[in-house]
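Here is how the chains run, residue by residue.
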Amino acid sequence: MKRLVIATRNEKKLRELVRYLKPLGIKVSSLKDIEVAPRVIEDGATFKENAEKKALTISKFTGGLVLADDSGLVVDALGGLPGVRSARFAGDNARDHENNIKLLNHLRNLPAAKRRARFACAAAIADKGKIIKTIEETCRGRIGFEVRGRYGFGYDPLFVIPKYGKTFGELGARVKDRMSHRSKALAKAREFLKKYLRSF
Ligand code: IMP
């Protein structure tokens, strides 16, 4: 049976990815299961570049099927920041809460209409050391005025879905899984993998 390695060490992200890929019914493991996997420096200018670099590096290392995602928050009023620097917005090893506070400070005094943002996700799939598919998806929302909710991770407590007037942090996994940037990208990745795996 073909095995799929998910190229992440982020525990919460991994949980989301495993949830989305479950219907495929294949064996899924992560970088934590590969002790000596190379560390990938995410120095690309775009989510796509980073996702492809991660998938490619790990697939060259394992020789097998790998899925990597790179994602982040793009805020219109900040010219696209924090973008590919989302995880490190408040500095290397910054905690989610520190990134959230920095973002709130940058947007201080901006009215709701100017707080438009989107989450973006690039998912790259590689096999035998070659990229075989890359998908990009987004989810639109706006940045709230305070941290709200206890679900999810990263900027979820600040990311308001206009339709609900609530943050992903308040809405929880069921709603997030239906509409997030990652769930949309992963739905497409899942369809691609279903067909790809049939060819073996
Ligand atoms: P990555 O591991 O390089 O993809 O880092 C993505 C960073 O973007 C995370 O550490 C979060 O700060 C942010 N991010 C990406 N996706 C989400 C999400 O679904 N919710 C909240 N924050 C996210």
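Owing to the predicted nature of the structure, the values given are computational and were not obtained by experimental measurement. (Residues numbered from 1 in each chain as written. Predicted model: local features only at pLDDT ≥ 70, side-chain atom pairs only at ≥ 80, totals over all residues. Heavy atoms only, no water.)

A. Inspection of the packing of aromatic side chains at higher detail. This structure, assessed with the given rule, holds 5 aromatic pairs. Ring geometry for Phe119 against Phe159: centres 4.2 Å apart, planes inclined by 35°, an arrangement best described as tilted. With Phe119 in strand β4 (residues 116-127) and Phe159 in strand β6 (residues 159-161), this residue pair connects regions lying 40 residues apart in the sequence. The pair formed by Phe119 and Phe159 is uniform in burial state, with each residue classed as buried. Ring centres of Phe119 and Phe168 lie 6.3 Å apart, and the angle between their planes is 10°; on these two criteria the pair is classed as stacked. On the criterion of sequence distance, the pair formed by Phe119 in strand β4 and Phe168 in helix α4 (residues 168-179) is long-range, its members being 49 residues apart. These aromatic residues form a ring-pair network of at least three members: Phe119, Phe159 and Phe168. Sitting above the plane of the Phe89 ring, Lys102 keeps its charged end 4.6 Å from the centroid. (Phe/Tyr/Trp six-rings, centres within 6.5 Å; stacked < 30°, edge-to-face > 60°. Helix = DSSP H or I, 4+ residues; strand = E, 2+ residues; numbered from the N terminus. Buried < 20%, exposed > 50% of the residue type's maximum accessible area, 1.4 Å probe, protein only. Lys NZ or Arg CZ within 6 Å of the ring centre and 35° of its normal.)

B. Spatial organisation of the nonpolar core. In this structure, Leu4, Leu21, Leu65, Leu67, Leu186 and Leu193 are the most contacted members of the largest nonpolar core, which totals 20 residues. The set of elements that each furnish at least two residues to this core consists of β1 (3-6), α1 (11-21), β3 (65-75), β4 and α5 (181-198). Per-element accounting of this core gives the leading share, 6 residues, to α5. Excluding anything up to four places from it in sequence, Leu193 contacts Leu4, Leu21, Leu24, Leu65, Leu67 and Ile125. Membership of the second largest hydrophobic core comes to 18 residues, among which are Leu78, Leu104, Ile143 and Tyr155. (Core = buried A, V, L, I, M, F, W, Y, C linked by side-chain atoms within 4.5 Å. Contact = heavy atoms within 4.5 Å.)

C. Seen up close, the layout of surface pockets. As a volume, the largest pocket reaches approximately 1100 Å³. If you trace the largest pocket, you find 38 residues lining it, with Asn10, Lys13, Glu42, Lys54 and Ala87 closest to the centre. Sorting the residues of the lining of the largest pocket by element identifies α1, α2 (47-62), β3, α3 (96-106) and α5 as the ones contributing at least two each. Taken as a whole, the second largest pocket spans an internal volume of roughly 220 Å³. In this structure, the second largest pocket is lined by 13 residues; those nearest its centre are Glu16, Arg19, Tyr151, Gly152 and Ala173. Listed by contribution, the elements that provide at least two residues to the lining of the second largest pocket are α1 and α4. The class makeup of the residues in the lining of the second largest pocket is 4 nonpolar, 2 polar and 7 charged. (1 Å grid on protein atoms, 1.4 Å probe; cavity = no way out; pocket = protein on both sides within 12 Å on 5 of 7 lines; lining within 4 Å. Points joined across faces, edges and corners; volume = space filled by probe spheres on them. Nonpolar A, V, L, I, M, F, W, Y, C, P; charged D, E, K, R; others polar.)

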